[in-house]
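Given next are the chains, with one letter for each unit.
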Amino acid sequence: MDILSKLQAPEGAVTKRLRVGRGVGSGVGKTSGRGQKGQKARAGGNINKKHFQGGQTPIQRRLPKRGFRNPLADIVVNVNVGDLEAFDNGAQVDLISLHERRLVQGRFDVLKILGDGELTKKLTVTAHRFSKGAVEKIEKAGGKAVVLAAPAPQGNSTDSSSS
């Protein structure tokens, strides 16, 4: 006896879709279950929006607009000279080695070395930017600060050679 061929949904589990607005005899004609007038009876209604606050002026309209956020600005990640003590003497410190040591994480456009902390090891540090204090401390320890080329500009660049 095959049970799978005899499977069916229990009685009352499957119902026909309710078709609203199909005349008085259907039980949901005329106002289609929305009641009489009011905000909930209208199309749209604005009630099911995430930011709806019961008709009071929404918070995003009550708060003043302040400042400016530049969507094209470079994302700069900072590493202090003191954090570079984790490397061995004479090591090459670049983006890859900093990622491996988890001193920088995530997506960024520019790496900047700042001068906070002390450095006692001779390191060759490669980054996009250095603060004056960082360069002094790296060179004082016998190391070298190598500046990388600036990253390519973001956004839509108009290429004149494609005409």
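Structure's up top.
Caption draft 1: Structural view of the overall build of the protein chain. Looking only at helices and strands, the protein chain has three helices and six strands in total. On C-alpha atoms alone, the protein chain measures out to a radius of gyration of 33 Å, which is more than a quarter above the 15 Å that the 2.2 N^0.38 rule sets for 163 residues. If you line up the protein chain on its principal axes, its C-alpha atoms span 95 × 65 × 45 Å. Looking at the protein chain as a whole, 18% of its 163 residues qualify as buried. Long-range contacts, defined here as pairs at least 24 residues apart, represent 42% of the contacts in the protein chain between residues at least 6 apart. Surface accessibility of the protein chain: about 13200 Å² in total, with carbon and sulfur atoms responsible for 50%. Computed over 28 positive and 14 negative side-chain charges, the inter-centroid distance for the protein chain is 24 Å.

Caption draft 2: Region of interest: the packing of aromatic side chains. Tallied over the full model, the rule gives zero aromatic pairs. Sitting above the plane of the Phe87 ring, Arg101 keeps its charged end 4.8 Å from the centroid.

Caption draft 3: Broad picture of the pattern of salt bridges. Per the counting criterion, the structure on display carries two salt bridges. Ionic pairing is found between Arg107 and Asp109, a salt bridge with its closest N-O pair at 3.2 Å. What makes Arg107 exposed here is its relative accessible area of 57%.

Caption draft 4: Quick peek at the sheet that holds strand S5 (residues 129–130). With parallel pairing, three strands are arranged side by side in an open sheet as S1-S3-S5. The open sheet has two free edges, formed respectively by strand S1 (76–80) and S5, since each of these has just one partner strand. For S1 and strand S3 (residues 110–114), the ladder comprises five bridges, and the chain directions are parallel. What sits directly across from Asn78, in S3, is Lys112.

Caption draft 5: How the structure looks around the pairing of S3. Here S3 pairs with S5 via two bridges, running parallel. Bridged to Lys112 within S5 is Arg129.

Caption draft 6: The arrangement of the sheet that holds strand S2 (residues 92–93) in detail. Spatial strand order, S2-S4-S6: three strands in an open sheet with parallel pairing. At either margin of the open sheet sits one strand with a lone partner, and together these are S2 and strand S6 (144–147). Bridge count between strand S4 (residues 124–127) and S6: four bridges; the pairing is parallel. Bridge pairing in S6 links Val125 to Ala145.

Caption draft 7: Region of the structure containing the nonpolar core. Grouped together as the largest cluster of nonpolar side chains are 19 residues, with contacts concentrated most on Leu84, Leu98, Leu111, Ile113, Leu123 and Val125. Listing elements by their share of this core, those giving two or more residues are S1, S3, S4 and helix H3 (132–140). The contacts of Val125, once residues within four sequence positions are left out, are Leu84, Val93, Ile113, Phe130, Ile138, Lys144, Ala145 and Val146.

Caption draft 8: Here's a closer look at the environment of Leu18. Relative to the assigned elements, Leu18 resides in the segment before helix H1 (59–62). For Leu18, a relative accessible area of 59% gives the class exposed. Taking the C-alpha atoms as reference, Leu18 lies 8.6 Å from Val28; in sequence the two are 10 residues apart.

Caption draft 9: Expanded view of a nonpolar patch on the surface. On the surface, a cluster of nonpolar side chains totalling about 380 Å² of accessible area is made up of Ile3, Leu4 and Leu7. Structurally, the position occupied by Ile3 is in the segment before H1.

Calculation notes
Residues numbered from 1 in each chain as written. Predicted model: local features only at pLDDT ≥ 70, side-chain atom pairs only at ≥ 80, totals over all residues. Heavy atoms only, no water. Helix = DSSP H or I, 4+ residues; strand = E, 2+ residues; numbered from the N terminus. Rg over C-alpha atoms; globule rule 2.2 N^0.38 Å. Buried < 20%, exposed > 50% of the residue type's maximum accessible area, 1.4 Å probe, protein only. Contact = heavy atoms within 4.5 Å. Areas by Shrake-Rupley, 256 points an atom, 1.4 Å probe, with all protein chains shown as cover. Lys, Arg positive; Asp, Glu negative; His and termini not counted. Charge placed at Lys NZ, Arg CZ, Asp CG, Glu CD. Phe/Tyr/Trp six-rings, centres within 6.5 Å; stacked < 30°, edge-to-face > 60°. Lys NZ or Arg CZ within 6 Å of the ring centre and 35° of its normal. Salt bridge = Lys/Arg side-chain N within 4 Å of Asp/Glu carboxyl O. Pairing = 2+ DSSP bridges. Core = buried A, V, L, I, M, F, W, Y, C linked by side-chain atoms within 4.5 Å. Patch = residues over 30% accessible without salt bridge, like charges linked within 9 Å, V, L, I, M, F, W, Y side chains within 5 Å.

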